[in-house]
Every structure is written in structure tokens, then in C-alpha cells.
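# Geometric and topological summary
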Amino acid sequence: MKLSATLFLFLACLASAGVFPYPVHKKTLPNGLDVVVIETPEFKDVLSYNTMVMAGSGREEEKGKTGLAHLFEHILFRHRYAAEEGGYDDRMGKLGTDNNAWTWFDVTYYHPLTFTRNLERRGKAGLPGLAELESSRFTALDFSEKTFKTESGAVLGEYRRLASFPSEKMSERLAALMFPNHPYGHTTMGYYEDVADMPNHFEAAKKFYGTYYRPNNCALIVAGDVKAGEIFKAVEPYYKEWKPQPIPTVKQARGSQKEELREHVAWDADVAPLVWVAYRMPAFELGSKNAAAAELLSELLVSPAAPLYKRLRYEKQLASSLGFEEGTRGFESFDPRALVVSAELYKEKHAQKGKAYFSEVAQEIVSELDALKGFSKDPKAKELLKNLKNKYRYDFLAVLSSPGNIAGAFSWYYRFNRSPSALDQLLDSVEALKPEDIDKFAQAWFIPENRAILTLAYEKGK
């Protein structure tokens, strides 16, 4: 029996059953747009309709033009659907849609949530459906220079608000210190002077949108009470005329660092002192031993059960909090970025010990990461690793509590190889880890040439 070409394509792209509990269906349109459908029928009449653009602040290479990826996250909500100011936002509101987005270094992610019955227009006189509304802002964004300048002002206001947080200044300094020759060297907000000058860069902004908002640089991920075949049939007419074009690549962030880097930030308000110990990490390669080992670092270092956490928080009482500054996934990126272990210290101890307090905490963190180089030598290493892998797997599955969360978790890893089985590849690689793999990872990456230490403290008059 012969299979039709279309049926064969569908079967080939249906991810095999693994730990991830939902089948994943994928169809790539002729223009390169990936349409991925995750059927979760237990969430009745819920539709999570997500568009992932594979461009964030890490694609802002032109000097003086940083912050554009984040700006477009704003502007897309001002799309003039049907040539009406506020037309898109008005229709989405009438559909009862919960609508938001976020920008990171590699991607910008739009994630409206509504009812499945809102996917398509109901009747000629009815409201446009979600597929029509969403496709219109990605394939034919309509906005004026006045809107551009208004949103530029809103972004500047957001920058000023975030700048009041010490962690934002630390992030800026750390990025500039570790990645001076890569767009990862600035935060997703961009440099202040670029954001302040943004109203004058209308043409550059349109160029950014025209370059990266292309079907071959995007993925549409739909999860909820849906059928894959119905989604493919419903969405293709709205996206098929979207024109692809070659996407520029960014040069790799080659490490030129020869020794540990250190910097101190003086803060002009009376806040708790901070210590950040950062290590340059490898580019995230889904399914690799490096990526799998990195997935367990949170449990090994900053979870409440980790030795470092217990020692700093309770035994020595040196830190009031300890964690990864960008969360457990912040370092997972197309090009090498940094893992940042952050500790908030006590003002009273800092007043007593001064700089020695910073050194003591930083050394505790460095020593714990160094200890991972001999992880397998611990007689209980196999048992500990088994427990960590179990906890990782169950924690991962626990996150899949709604169509939005399911689509979000899937999208985060899908971007690395665009495989429907991306999550199973990730989970399988973690399951295959051996204690010696932790040793090798730590030996390769937790070295002084990959390290930067930043401190921050209140200094009156600075």
C-alpha cells in the first residue's frame, strides 16, 4: 500500500511517544513557516495560539540601534487592523483574549490565550477569528511613525523604571564585561542612549522588522482543545502569502577572556549588597551531554537541598537569598551566554567586614562549582544523580499545567533544532547522564578564564 505524500509528511512529523505526554504534529508551509500543534483535549475550549520569532536583542548588531526587538514587542499590539487605530487590540478584547508577549535574547514570543471557538470568524458579519487577527500583524503590520514614537517613549519609561533596580545595573555591567563583541553584550532593553534616541530610528526599526519577521524565521505553536488537521487547514490561508527571505546570521561570541574578571558597582541607595558569580557557558545544543548536565545545575547548586544553599543560608548565614539570576533556563541560548549565581547579602555584615565579606561569599560559590569537577568521586554520586534526574523529570512534567504552559515549555526548546520531539530529546539526554558527565562539564566550563565576579553595595554620594 502506498501512502500519499501529504500523509507521509504528517506521519513523519508526528513525534513518537516518549516522556512528553502529548503528541506533537508539525507542518512546514511552503514559505518556511513551521506550524506545530499540540493536542490537549482535556482543557476544554481553551486555545493557546503562540507565535515565536527567532529574533530577540541578540540580533541587534548595528551600533546605536539596540532595543528594537523589545520595541517591536510593543508595536505589534498597536497594529492597525482594518486600517483602524487600535483595530487589532479592539477585536482581541472583544474575543475575550488574554494577550501578552515577552522578549529575550534569541526570541520574541507572542502568546494570546482564548477560547477554541474563537479560532475562525463566525459568520460574515462576525468578529474576525484569532488566526486572521494574529496573521495580519505578522504578515502585514500596519503602524504609523506617530505610533512608533509613542511606543518609543513607553519603552524609555520602562527602561527608567527597571533602572531603579540594582539587578538591572548588574545585568548591564555583566553583559558588557563578558560579551563585549556580541549583541549579548547588552540587555534586552538596549543601551540607555539608544533607547533615548529611539524616536529618531523609524527607518532602522522598519528594517529590523522586515528582516526578522519572516515566515522562515518564525514558528506558530498552537496548543489546546484542537485537532491538528483542522488547525493546519484553518491557518494556512492566512499565512501562505507571507514572503520568506534569507535571515542574517550573527557571529559567534568567541571567548577572548584570559583570566577571571572582576568589577564593583557603587549604588546610590541603601540596598542589600549583592555578589554575582558568572561563568561563560556553551551554546545550548539540545540532546548533548553539556546541555543535559547544565539542566541539573539548579538542583546541584541553588535548590534548598543543595549543599551550597544550606551552607550560605543556614549554617554560615552569609546570604539572605541564593539563586540563578536569570532563572534555571536563562543561559540556554543560540550562542554562548552566562550562568549567573546570585547572592543577596546582609547590610550589617557588610558594614562590619567590608570587601572581605564579598570575597568570602564569592569563594564559597566558586569552591562549590569547583567541587563538581570531582562529582563522581562521591560514593553516593550514582544515587544522588538518580534522585536529581527523577526530580527534574517530575518537576518538568508538573509545569505542563495548562495549554499556555505546555506551548511555552515546548517552544523554549523547539527553537534549538525545530524538532517535534525536542522535549523528549531533552528529557532523554538528562536520563542518560552519568556521574562522570557532571565531572567533565564542570572541568570544561567552571574555570577562571570563563568566570566574572560582580559586587554591588551602597556607597553614599556615588
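A brief structural summary. (Residues numbered from 1 in each chain as written. Predicted model: local features only at pLDDT ≥ 70, side-chain atom pairs only at ≥ 80, totals over all residues. Heavy atoms only, no water.)

## Focus: the overall build of the protein chain
The secondary structure content of the protein chain amounts to 18 helices and twelve strands. Computed over the C-alpha atoms, the radius of gyration of the protein chain is 24 Å, within 12% of the 23 Å expected from 2.2 N^0.38 for a compact globule of 462 residues. Buried residues in the protein chain amount to 55% of all 462 residues. At a minimum sequence separation of 6, the contacts of the protein chain that also span at least 24 residues come to 80%. Total accessible area on the protein chain is roughly 20,600 Å²; 53% of this is exposed by carbon and sulfur atoms. (Helix = DSSP H or I, 4+ residues; strand = E, 2+ residues; numbered from the N terminus. Rg over C-alpha atoms; globule rule 2.2 N^0.38 Å. Buried < 20%, exposed > 50% of the residue type's maximum accessible area, 1.4 Å probe, protein only. Contact = heavy atoms within 4.5 Å. Areas by Shrake-Rupley, 256 points an atom, 1.4 Å probe, with all protein chains shown as cover.)

## Notes on the side chain of His79
Relative to the elements of secondary structure, His79 occurs in the loop between α2 (68-75) and α3 (87-94). Apart from the residues lying within four places of it in its own chain, the contact partners of His79 are Glu84, Gly87, Tyr88, Ser136, Arg137, Ala140, Leu141 and Asp142.

## Observations regarding the nonpolar core
By size, the foremost hydrophobic cluster in this structure holds 77 residues, and its most contacted members are Leu297, Ile365 and Phe446. Ranked by the residues each element gives to this core, the list is headed by helix α16 (residues 403-417), at eight residues. If we ignore the near neighbours within four places in the chain, the residues touching Ile365 are Val277, Leu308, Leu312, Leu322, Val341 and Ala343. With 53 residues, the next largest nonpolar core counts Leu71, Phe208, Leu220 and Val235 among its residues. (Core = buried A, V, L, I, M, F, W, Y, C linked by side-chain atoms within 4.5 Å.)

## Quick look at the packing of α2 against helix α5 (residues 145-162)
Look at α2 against α5: their axes get within 10 Å of each other, and the N-to-C directions meet at 115 degrees. Crossing handedness for the pair α2 and α5: right-handed. Only Phe148, Glu151, Ser152, Ala154, Val155 and Glu158 of α5 make contact with α2, whose side of the interface consists of His70, Leu71, His74 and Ile75. When its residues are assigned to classes, the contact of α2 with α5 shows five nonpolar, three polar and two charged. (Axes fitted to C-alpha atoms, helices over the stretch in contact; angles between N-to-C directions. Left-handed = near helix turned anticlockwise from the far one by under 90°. Nonpolar A, V, L, I, M, F, W, Y, C, P; charged D, E, K, R; others polar.)

## Notes on the packing of aromatic side chains
A complete count under the given rule lists 29 aromatic pairs for this structure. Between Tyr110 and Tyr213, the aromatic rings sit 6.5 Å apart at their centres with planes inclined by 70 degrees, giving edge-to-face as the arrangement. With Tyr110 in strand β5 (residues 108-110) and Tyr213 in the loop between α8 (202-212) and β7 (218-224), the pair connects residues that are 103 residues apart, well separated along the chain. Taking the relative accessible area as the measure of exposure, Tyr213 reaches 2% and is therefore buried. Ring geometry for Tyr279 versus Phe446: centroids 5.0 Å apart, planes at 65 degrees, classification edge-to-face. Residue Tyr279 is found in strand β9 (residues 274-280), and its partner Phe446 is found in the loop between α18 (435-445) and β12 (451-458); the two are separated by 167 residues along the sequence. The class for Phe446 is buried, based on a relative accessible area of 0%. Among the aromatic residues, those joined into a ring-pair cluster are Phe72, Phe77, Tyr110, Phe138, Phe143, Phe148, Phe202, Phe208, Tyr209, Tyr212 and Tyr213. Above the ring of Phe115, the side-chain terminus of Arg117 is found at 4.3 Å from the ring centroid. Stacked on the ring of Phe105, the Lys or Arg Arg337 has its end atom at 3.8 Å from the ring centre. (Phe/Tyr/Trp six-rings, centres within 6.5 Å; stacked < 30°, edge-to-face > 60°. Lys NZ or Arg CZ within 6 Å of the ring centre and 35° of its normal.)

## Quick look at the sheet that holds strand β8 (residues 261-267)
Spatially, the five strands line up as an open sheet ordered β8-β12-β9-β11-β10, and their pairing is mixed. Both outer strands of the open sheet, β8 and β10 (319-324), are each paired with one neighbouring strand and no more. Mean inter-strand twist for the sheet, computed between neighbouring axes without regard to direction, equals 15 degrees. Pairing of β10 with strand β11 (residues 338-345), which is carried by five bridges, proceeds in the antiparallel orientation. In the strand pairing of β11, Phe324 is matched with Val341. Its contacts with the sheet place helix α14 (residues 355-371) against β8, β9, β10, β11 and β12, and it is angled at close to 35 degrees to β9. (Pairing = 2+ DSSP bridges.)

In short, geometric facts, not functional conclusions.
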